[in-house]
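Overview (structure and organization)
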Amino acid sequence: MVLKKNDPLRLDVSYLVKGSPGTHKEFEFSFPQLNFSSELTLVGIQGKIVISVTEDGVVAEGKLGALTQLVCSRCLNDFWQPLEISFTEIFSAHPAEDSGEQKLPADRSIDLTPIIRDYATLDIPIRQICAEDCKGLCADCGMNLNQKDCGHRQESIDPRMEGLRELLENKDSSE
């Protein structure tokens, strides 16, 4: 398997495809940084990919670790999110329709760029929070409450919950 210098995630598996089914090759790698788009940059990428020969192509199995920079949805500070990327992709010379298999290119090189990009994107959490105990921003003055307490108190209650608050206050006063 050859790693091409101008396209580091394109693997030439032509010599491996000539082997018998079950033949496999493990490839460990490390990249300081990969830019997939203006929204997705991975740093400190480390992992391994195992390419196994099948009767009709190859299977690529990968386990990668990386970091990506996100913005906390509570305090709006940048933070580094670790990503654990795992994938199994089948590249077949004759993929069946709706099988999920990808076509093995005629030059027998497989491009892992879209695969790693897609699986990395799927590993980014929906709730992007720098820490579970992040206090966020003050709704009155905008101060980052992780850095300093501005003294404003959020005593307002959702109007839909006002009846519940009154019930609780009545219960406390009757005891």
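Note that this is a predicted model, so its numbers are computed, not measured.

**Side note on the overall build of the protein chain**
Summing up its helical and strand segments, the protein chain has 3 helices and 8 strands in all. For 175 residues, the compact-globule estimate of 2.2 N^0.38 gives 16 Å, and the C-alpha radius of gyration of the protein chain, at 25 Å, exceeds that figure by more than 25%. In terms of principal-axis extent, the alpha carbons of the protein chain reach across some 80 × 35 × 25 Å. For the protein chain, contacts bridging at least 24 residues in sequence account for 52% of all contacts bridging at least 6. In the structure as shown, the protein chain presents an accessible area of about 11500 Å², 50% of it carried by carbon and sulfur atoms. Counting 18 positive and 29 negative side-chain charges, the protein chain places the averaged centre of each group 5 Å from the other.

**Quick notes on a nonpolar patch on the surface**
A cluster of nonpolar side chains, contributed by M161, L164, L167 and L168, occupies part of the molecular surface with about 390 Å² of accessible area. Checked against the element boundaries, M161 lands in the loop between α2 (113-123) and α3 (162-174).

**With respect to the pairing of strand β5 (residues 57-71)**
Where strand β4 (residues 41-54) and β5 come together, 10 bridges link them in antiparallel fashion. Opposite S52, over in β5, you have V59 as the bridge partner. Counting the residues in the hairpin turn of β4 and β5 gives 2 residues. Sheet topology note: the β5/strand β6 (residues 78-92) ladder contains 15 bridges and is antiparallel. Of the residues in β6, the one forming a bridge with V71 is D78. Following β5, the chain reverses through 6 residues before pairing antiparallel with β6; L76 in that reversal takes a positive phi of roughly 65°.

**So, α2**
Listing the buried residues of α2 in full gives I115, I116 and A120. Across the axial projection of α2, the buried residues extend over an arc of 125°, all falling on one side. In the core, the buried residues of α2 are packed alongside β4, β5, β6, β7 (102-103) and β8 (109-111).

**Quick word on the nonpolar core**
Core analysis: the biggest nonpolar cluster contains 36 residues, and L42, I51, F87, I110, L112 and I116 have the highest contact counts within it. Listing elements by their share of this core, those giving two or more residues are β3 (24-35), β4, β5, β6 and α2.

About the thresholds
Residues numbered from 1 in each chain as written. Predicted model: local features only at pLDDT ≥ 70, side-chain atom pairs only at ≥ 80, totals over all residues. Heavy atoms only, no water. Helix = DSSP H or I, 4+ residues; strand = E, 2+ residues; numbered from the N terminus. Rg over C-alpha atoms; globule rule 2.2 N^0.38 Å. Contact = heavy atoms within 4.5 Å. Areas by Shrake-Rupley, 256 points an atom, 1.4 Å probe, with all protein chains shown as cover. Lys, Arg positive; Asp, Glu negative; His and termini not counted. Charge placed at Lys NZ, Arg CZ, Asp CG, Glu CD. Patch = residues over 30% accessible without salt bridge, like charges linked within 9 Å, V, L, I, M, F, W, Y side chains within 5 Å. Salt bridge = Lys/Arg side-chain N within 4 Å of Asp/Glu carboxyl O. Pairing = 2+ DSSP bridges. Buried < 20%, exposed > 50% of the residue type's maximum accessible area, 1.4 Å probe, protein only. Arc of directions from axis to C-beta. Core = buried A, V, L, I, M, F, W, Y, C linked by side-chain atoms within 4.5 Å.

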